[in-house]
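Notes for the structure review
Single-letter residue listing:
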Amino acid sequence: MKKKVLSVLLVLVMLAGVLTGCSKTSGMNKDKFVKACEKLKLTELEIDEMDEIEENVEDGFYFAGDEDLIADKSKIIDTYLKIAKLSKAFDSDDIVSIAFAAKCAGYDDIKESEGPEDVELDGAFAFQMDFGQKDKAEDVMDGIAKLLKQVNIKTKKLTPKEYYVSKNEGYIRFHIDLEKFARIILDDDDLTDSLKDLYDVDIEDTMEDLKGDIAVSVEIKGSNIFIFAGGAVNSEKKVYKDFVKAFGLATDPMSLPMNEEVADDMTELIVSYAKYISKARDAKKRLTDPIGGTGGTGGTGSTGGTGSTGGTGSTGGNPDNKGIQGSGKVGISMPTKDLMRWAQDGDRMKKELEAMGYTVDLRYAGNQVTVQVQQIQDMIEIGCEVIVVAAIESSSVIQVLENAKAQGVTVIAYDRLIYGTEAVDYYVSFDNYMVGQLQGKYIVEALDLDNANGSFNIEITAGDPTDNNAALFYQGAMDAIKPYIDSGKLKVLSGQKDFKDVATDSWKTDNAQARAENILAAYYPSGTNIDAWLCSNDSTACGVINALDKYYKGNYPVITGQDCDILSVKHIIAGKQAMSVFKDTRTLASQAAKMASQVMNGQKVDVNDTDTYNNGKKDISSYLCSPVFVTVDNYKTILVDSGYYTQDALDY
Ligand code: GAL
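Examining the site of the ligand
- As a structural note, the neighbourhood of the ligand is formed by 13 residues, with Arg341, Asp415, Arg416, Asp467 and Asp563 the closest of them.
- Between the ligand and the protein, one listed contact pairs an oxygen atom with a side-chain N or O atom of Arg416 at 2.6 Å.
- Relative to its free-state accessible area of 300 Å², the ligand is covered by the protein chains to the extent of 100%.
- Counting residues per element, the ones that place at least two in the shell around the ligand are α12 (340–355) and α16 (468–486).
- Of the residues that constitute the shell around the ligand, the class distribution is four nonpolar, three polar and six charged.
- Here the shell around the ligand spans two domains, since at least three of its residues come from each of domain 2 (329–424 + 586–601 + 611–620) and domain 3 (432–582).

Here's what the structure looks like:
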């Protein structure tokens, strides 16, 4: 009897052993994790010692924390959960414990290495988290799969030994044999060239001698996730193997053959990454290279256009450059789509130029100067004959425009003059000084300052300090109202009158609103009237109106604007905003398209001002369109009857 029981027990133990042996996951939890770290003799760090990670990587360290610490670090943990696409599955409140460990032999020698071929690394990284909820394996694995997809690792290409998921358990494991991976890269000319360009090293030498393996394992069991990664480059795998043993991985991912399909997909990613980095590096290089000391946006800005009418043509294209004849391509670089007018400018120019048979590369840079630089560089590389640029910030595009000039590209500065470079051939805009004059004079007339008794309170909100136009709008308006400020007819209760004190970063409505709220709170207690608010454009006028709606009880002051954005025209109809300078983007866009076409056909380019706009390097041949302004009395004629907006679009 005893024997029988014994043999049954033996079978059961063997069965359990077999099961455990091929158990899908190690079922790692915090206690097991800490035991493994102690077995590996890793140095324990406390949360407030995390800045000592670098000193401890070579010999290995670990860290473990539970609810108290997690509550303390919940914000950063939630951020990482979002990055890891896990925030749908759970958030930091659910997390019971968290721990990680790392060791990397050779880490301290990296700085001395000459290049990738000299690097010898053997390391591993382990991370454990108890996210406190069972049956979440599928959600978590879904988040991880999304994350892997971002590096071109598609779970559908993994084998059952590499990928498994159920309600309560799951794993992802894969192994990259670096020698084989190097072979794939070297067989891919596109990739080799990109890597050569990126690292400025002979990539063949680096790759030919590359030895080693990289492996990743993600295990989920119940509410615990255990992520393990590591490997060796040009070195033995002692650290890696010690970690695998100490943490008791259910399967060592390095025991799996490399998944060739996954490796192929990853090389595509490396190609695009290498190309992007080398371009971004070049763009950054251009941005940071000393530009012959002509940095800075101001230049010797003109005192404001006279907007002379009548044309004095100038020769087509860069007279001293051949131009990239015949490509028929035009690049249009706009600052952002966030402000309606730029979207309209860009669309209009594109439509008109395409109607003339040209190919148009229209880009919006999201108000990011480095993006705009890269986009202009791309336009040069695809062979644009003409590039039309509304610069986000003048000095940032100098270098790339000089690259364009060197390639014979004609550059038209659109709406915003670009200072500090000979590379600008033409400027097309509205008379921006006149825009400011219209705004200032409107206030003078609306308040009847020449005849009315008493004094009036005014505040000023200007545009982006890096936008040359903003300075011109401000100057034009101040030249109109300054005599009344000096005489005391107009009072600026906040005392904020200088451009730098009244400018609005990126023309943002929120920024204008925040400053207006502060001014109202500090200088306009109830009963104190504000009679006028000079705003340089509509997005800032919206910010002022939002602030007035929140904190001001009196009648709306005389508020100026510019661009006739739909929301602001609605404010004009509703009596919240008094006027907006209308710079018909159809006129401006058509004029720019016409000039670009004239350049490409070698015709005389239509300009009406050759001596007002000096950009600090030369007088720029310009075409200035005349702005008008819109009020509640004339918006129908100027905006609706002209087809700029439909009446429906303007109805609340
Ligand atoms: C200026 C432009 C204005 C307005 C402002 C906001 O440069 O001349 O019309 O659009 O930018 O982007």
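Read on for the rest.
Observations concerning the nonpolar core
- Formed by 62 residues in total, the largest nonpolar core has its most connected members in Met334, Tyr414 and Leu490.
- Three or more residues apiece are contributed to this core by two domains, here domain 2 (329–424 + 586–601 + 611–620) and domain 3 (432–582).
- If we ignore the near neighbours within four places in the chain, the residues touching Met334 are Trp342, Asp345, Gly346, Met349, Leu362, Arg363, Tyr364, Ala365, Gln372, Ala390 and Tyr414.
- Of all hydrophobic cores here, the second largest spans 32 residues; its members include Ile70, Phe127, Ile184 and Ile185.

Regarding the packing of helix α13 (residues 369–381) against helix α14 (residues 398–406)
- Remark: α13 packs on α14, axes separated minimally by 9 Å, with the N-to-C direction vectors making an angle of 5°. Considering their axes alone, α13 and α14 lie roughly parallel with respect to each other. Across from Val373, Ile376, Gln377 and Ile380 in α13, the residues of α14 making contact are Val400, Leu401, Asn403 and Ala404.

Let's talk about α14
- Those residues of α14 that fall on the buried side of the exposure criterion are Ile398, Gln399, Val400, Leu401, Ala404 and Lys405.
- One or two steps after α14, the chain reaches Gly408, where phi turns positive at roughly 85°.

Examining the packing of aromatic side chains
- Tallied over the full model, the rule gives 14 aromatic pairs.
- Residues Phe33 and Phe226 carry aromatic rings whose centres are separated by 6.3 Å and whose planes lie at 80° to one another, so their mutual orientation is edge-to-face. A residue pair is termed long-range when its members are at least 10 positions apart, and Phe33 in helix α2 (residues 30–39) and Phe226 in strand β8 (residues 224–233) qualify at 193 residues.
- The buried category is assigned to Phe226, whose relative accessible area is 1%.
- Aromatic ring contacts, followed pair by pair, group Phe33, Phe226, Phe243 and Phe247 into a single cluster.
- Between Arg173 and the ring centre of Tyr171, over which it is positioned, the NZ or CZ distance is 3.9 Å.

Rules used in this analysis
Residues numbered from 1 in each chain as written. Predicted model: local features only at pLDDT ≥ 70, side-chain atom pairs only at ≥ 80, totals over all residues. Heavy atoms only, no water. Near = heavy atom within 4 Å. Polar contact = N/O pair within 3.5 Å; in protein donor to acceptor, adjacent residues only side chain to side chain. Areas by Shrake-Rupley, 256 points an atom, 1.4 Å probe, with all protein chains shown as cover. Helix = DSSP H or I, 4+ residues; strand = E, 2+ residues; numbered from the N terminus. Nonpolar A, V, L, I, M, F, W, Y, C, P; charged D, E, K, R; others polar. Domains from an automatic or database assignment. Core = buried A, V, L, I, M, F, W, Y, C linked by side-chain atoms within 4.5 Å. Buried < 20%, exposed > 50% of the residue type's maximum accessible area, 1.4 Å probe, protein only. Contact = heavy atoms within 4.5 Å. Axes fitted to C-alpha atoms, helices over the stretch in contact; angles between N-to-C directions. Parallel < 35°, antiparallel > 145°, perpendicular 65-115°, else oblique. Phe/Tyr/Trp six-rings, centres within 6.5 Å; stacked < 30°, edge-to-face > 60°. Lys NZ or Arg CZ within 6 Å of the ring centre and 35° of its normal.

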